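Geometric and topological summary
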Amino acid sequence: MGKWICDLCGYVYDPELGDPDSGIKPGVRFEDLPEEWVCPVCGAGKDQFSKL
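These numbers come from a predicted model, not from an experiment. (Residues numbered from 1 in each chain as written. Predicted model: local features only at pLDDT ≥ 70, side-chain atom pairs only at ≥ 80, totals over all residues. Heavy atoms only, no water.)

**Structural notes on the overall build of the protein**
Rule in force here: Numbering goes from the N terminus for both helices and strands, where a helix is a DSSP run of H or I of at least four residues and a strand is a run of E of at least two. With C-alpha atoms as the basis for the radius of gyration, the globule rule is written as 2.2 Å multiplied by the number of residues raised to the power 0.38. Relative accessibility thresholds used throughout: buried, under 20% of the residue-type maximum; exposed, over 50%; partly exposed, between the two (1.4 Å probe, protein chains only). Contact between two residues is taken to exist if any of their heavy atoms lie within 4.5 Å; hydrogens are not considered. We get accessible surface area from the Shrake-Rupley algorithm with a probe of 1.4 Å; when it comes to residues, only the shown protein chains can shield them. Counted as positive: Lys and Arg. Counted as negative: Asp and Glu, with His and the chain ends omitted from the count. Throughout, a charge is located at the NZ atom of Lys, the CZ atom of Arg, the CG atom of Asp or the CD atom of Glu.
Secondary structure summary: the protein contains zero helices and three strands in total. Its helices and strands in sequence order give the protein the pattern β-β-β, from N to C terminus. Taking 10 Å as the expected radius of gyration for a compact globule of 52 residues, we find that the protein reaches 10 Å, a close match to that expectation. Taken over the C-alpha atoms alone, the protein extends approximately 25 × 20 × 15 Å along its principal axes. Within the span of the protein, comprising 52 residues, buried residues form 31% of the whole. A sequence separation of at least 24 residues applies to 44% of the contacts in the protein between residues at least 6 apart. Carbon together with sulfur atoms contributes 51% to the accessible area of the protein, which is approximately 3,300 Å² in total. Counting 5 positive and 10 negative side-chain charges, the protein places the centres of these two groups 6 Å from one another.

Below, the structure written as structure tokens:
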């Protein structure tokens, strides 16, 4: 499971941590996030993320 970074604000999605504020539990791969998921910091869509 790799980490992904938001190209707009630098937020890093770490699948080991998930995104609890958005209801995403630890262990969810970036590829498995819902399509409507957005960066919790700036609101960018998944298409604005790059793999680290």
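More follows now that the structure is in view.
**Structural notes on the environment of aspartate 14**
Examined against the element boundaries, aspartate 14 turns out to sit in the loop between β2 (12–13) and β3 (49–51). In this structure, the C-alpha to C-alpha distance between aspartate 14 and glycine 27, residues 13 residues apart in sequence, is 8.8 Å.

**Focus: the side chain of aspartate 14**
Where we set the bar: Residues adjacent in sequence count toward polar contacts only when both atoms are side-chain atoms; beyond that, a polar contact is any pair of N or O atoms within 3.5 Å, and within protein one must be able to donate a hydrogen and the other to accept it.
Accessibility expressed as a relative area gives 13% for aspartate 14, which makes it buried. A distance of 2.9 Å separates the side chain of aspartate 14 from the backbone nitrogen of glutamate 16, its partner in a polar contact.

**Here's the deal with the sheet that holds β3**
We count it as follows: Pairs of strands are assigned from DSSP output, requiring at least two bridges between the strands.
Pairing in this open sheet of three strands is antiparallel, and the strands run β2-β1-β3 from one edge to the other. Edge positions in the sheet fall to β2 and β3, since each of these pairs with one other strand and no more. In this structure, strand β1 (residues 4–6) lies alongside β3, joined through three bridges in antiparallel fashion. Residue isoleucine 5 lies in a different strand from β3, and its bridge partner there is serine 50.

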